[in-house]
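# Examining the three-dimensional arrangement
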Amino acid sequence: MTRVEQIRQYPWRLWTRQVSTIVRMELRKSLFRWRSAWIYLLAFAPVGIILTHALVDHDTSGGMREDILVLAGIFQFYYLRLAIFFGCLGIFTRLIRGEMVERSLHYYLLAPIRRELLVIGKFIAGVITSVTVFGSAVFMATTFMYLRFGHKGMEFLTDGPGAYHMKAYLGITVLACIGYGAIFLALSMIFKNPIVPAIVLFGWEAINPVVSPLMQKLSIIFYLRHLVPVEVPAQGMFAILTVVAEPVPAWAASLGVLALTAGVLVLACYRVRKLEISYTTD
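Quick look at the structure, then.

Cut-off values and rules
Residues numbered from 1 in each chain as written. Predicted model: local features only at pLDDT ≥ 70, side-chain atom pairs only at ≥ 80, totals over all residues. Heavy atoms only, no water. Core = buried A, V, L, I, M, F, W, Y, C linked by side-chain atoms within 4.5 Å. Buried < 20%, exposed > 50% of the residue type's maximum accessible area, 1.4 Å probe, protein only. Helix = DSSP H or I, 4+ residues; strand = E, 2+ residues; numbered from the N terminus. Expected span 1.5 Å × (residues − 1). Contact = heavy atoms within 4.5 Å. Salt bridge = Lys/Arg side-chain N within 4 Å of Asp/Glu carboxyl O. Axes fitted to C-alpha atoms, helices over the stretch in contact; angles between N-to-C directions. Parallel < 35°, antiparallel > 145°, perpendicular 65-115°, else oblique. Nonpolar A, V, L, I, M, F, W, Y, C, P; charged D, E, K, R; others polar. Phe/Tyr/Trp six-rings, centres within 6.5 Å; stacked < 30°, edge-to-face > 60°. Left-handed = near helix turned anticlockwise from the far one by under 90°.

General note: in soluble globular proteins, nonpolar side chains tend to be found buried as a group. If you look at the biggest cluster of nonpolar residues, it comprises 81 residues, and the most contacted ones within it are Y79 and F184. By residue number, the principal contributor to this core is helix α4 (residues 65-101), which donates 17 residues.

Between its first and last C-alpha atoms helix α2 (residues 12-31) spans 28 Å; for 20 residues at 1.5 Å apiece the expected length is 28 Å, and the two agree. Every buried residue of α2 is listed here: W15, Q18, V19, I22, V23, E26, L27, S30 and L31. Buried residues belonging to α2 abut α3 (37-56), α4, α5 (105-109) and α6 (115-145).

Now for the pattern of salt bridges. For the coordinates displayed, the defined rule picks out seven salt bridges. For K29, the salt bridge is made with E26, and the minimal N-O distance between the two is 3.1 Å. Placement of the pair is K29 and E26 together in helix α2, with a separation of three residues, close to one helical turn. Note on K29: relative accessible area 27%, which makes it partly exposed. When its relative accessible area of 2% is taken as the criterion, E26 is described as buried. In this structure, E99 and K122 form a salt bridge, with 3.0 Å as the shortest nitrogen-oxygen distance. Highlighted residues: E99 in helix α4 and K122 in helix α6, separated in sequence by 23 residues. Each member of the pair E99 and K122 is classed as buried.

With respect to the element layout, H165 can be found in helix α8 (residues 161-190). In this structure, H165 is in contact with I68, F156, P229 and V230, ignoring residues within four places of it in sequence.

Here we come to the packing of helix α7 (residues 150-158) against α8. Where α7 contacts α8, the axes come no closer than 4 Å and their chain directions differ by 55°. If you check the angle between α7 and α8, you find them oblique. Facing α7, whose interface residues are F156, L157 and T158, α8 presents P161, G162, A163, H165 and M166. Of the residues in the contact of α7 with α8, the class split is five nonpolar, three polar and no charged.

We now examine the environment of L187. Structurally, the position occupied by L187 is in helix α8. Note: C-alpha distance between L187 and A268 (81 residues apart in sequence) is 8.4 Å.

As a further point, take the packing of aromatic side chains. Taken as a whole and judged by the stated rule, the model has 13 aromatic pairs. With a centroid separation of 4.6 Å and 45° between ring planes, the pair formed by F75 and Y169 is classed as tilted. In this pair, F75 sits in helix α4 while Y169 sits in helix α8, placing the two residues 94 residues apart along the sequence. A relative accessible area of 2% means that Y169 is categorised as buried. Their ring planes at 50° and their centres at 5.1 Å tell us that Y146 and F156 sit as a pair that is tilted. Of the two residues, Y146 is situated in the loop between α6 and α7 and F156 in helix α7; the sequence distance between them amounts to 10 residues. Three or more aromatic residues joined by ring pairs form one cluster here, namely F85, F86, Y180, F184 and F202.

Another aspect to go through is α6. A rise of 1.5 Å per residue sets the reference length of α6, with its 31 residues, at 45 Å; its end C-alpha atoms lie 44 Å apart and thus fit the reference within 8%. Among the 31 residues of α6, 22 are classified as buried, and the element is accordingly described as predominantly covered.

Glancing now at the packing of α4 against helix α9 (residues 195-207). Each pair of packed helices can be described by the angle between their axes along with the distance between the axes. Remark: α4 packs on α9, axes separated minimally by 12 Å, with the N-to-C direction vectors making an angle of 155°. Classified by the angle between their axes, α4 and α9 sit roughly antiparallel to one another. Here the hand of the crossing between α4 and α9 comes out right-handed. Between α4 and α9, the residues in contact are R81, L82, F85, F86 and L89 and I195, A198, L201, F202, E205 and A206, respectively. Across the contact of α4 with α9, the residue classes break down as nine nonpolar, no polar and two charged.

The structure is reproduced here in structure tokens:
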């Protein structure tokens with residue numbers, strides 16, 4: 001029997017049903033929890049500010065260029081560097097480590113299901129949750145930014161460059177949630193306290209533009225920076241965050257995030273096989 005024939009004989013339908021069940025259970029726990037309120041606040045705080053700006057400031061004589069740059073700055077410096085990073089930290093570390101702390105993970109581990117499927121199901125649920133929250137926030141922030149320009153602003157969003165900007169921001173948001181989510185899910189299985197390695201990762205992402213080209217590729221932000229549709233003319237300490245030493249095609253940057261994510265997930269699936277729970281020490 002060839003390897004291909006062996007793969008075909010795997011119980012794919014059973015595995016699909018099991019993963020789907022895990023995803024549905026995790027979504028009910030992740031999307032509607034009071035303890036997740038800080039993540040919603042993190043995501044939608046700029047939306048409230050931008051909406052207030054749209055309702056109060058009716059001066060459109062300066063055109064949309066300034067608003068385009070402001071929105072690009074909010075997305076690159078706030079959402080990518082802070083909100084999505086720490087939002088994914090809260091969402092994905094809770095999937096494994098949070099259940100170990102709450103002493104409920106053993107119910108999953110005692111079920112007749114492969115542990116790798118448990119990781120995949122929880123990862124998919126985390127991606128759906130984070131993309132829903134931050135994707136909605138980015139969509140609303142982009143839309144509200146141009147509401148005050150009336151018909152001209154809506155044309156910019158639907159038929160002009162704004163449509164491309166919107167798609168780019170949403171696509172980058174999805175890739176960021178996938179990449180950071182996989183990393184934080186893996187960290188939560190390796191470290192009892194994933195906050196410390198998360199802070200180290202945050203520092204690594206911040207200094208990424210000044211390290212060697214080879215080391216830059218071991219970072220999510222390296223690939224995402226090549227996908228932003230609008231360059232922000234940053235000055236001072238923020239200028240280092242916008243440096244792009246070697247331009248990378250959009251397709252290569254997207255594949256880079258997905259490849260890095262796949263590698264981390266393989267590590268997580270390997271690690272979960274050896275995961276042991278000791279409630280006397282956790």
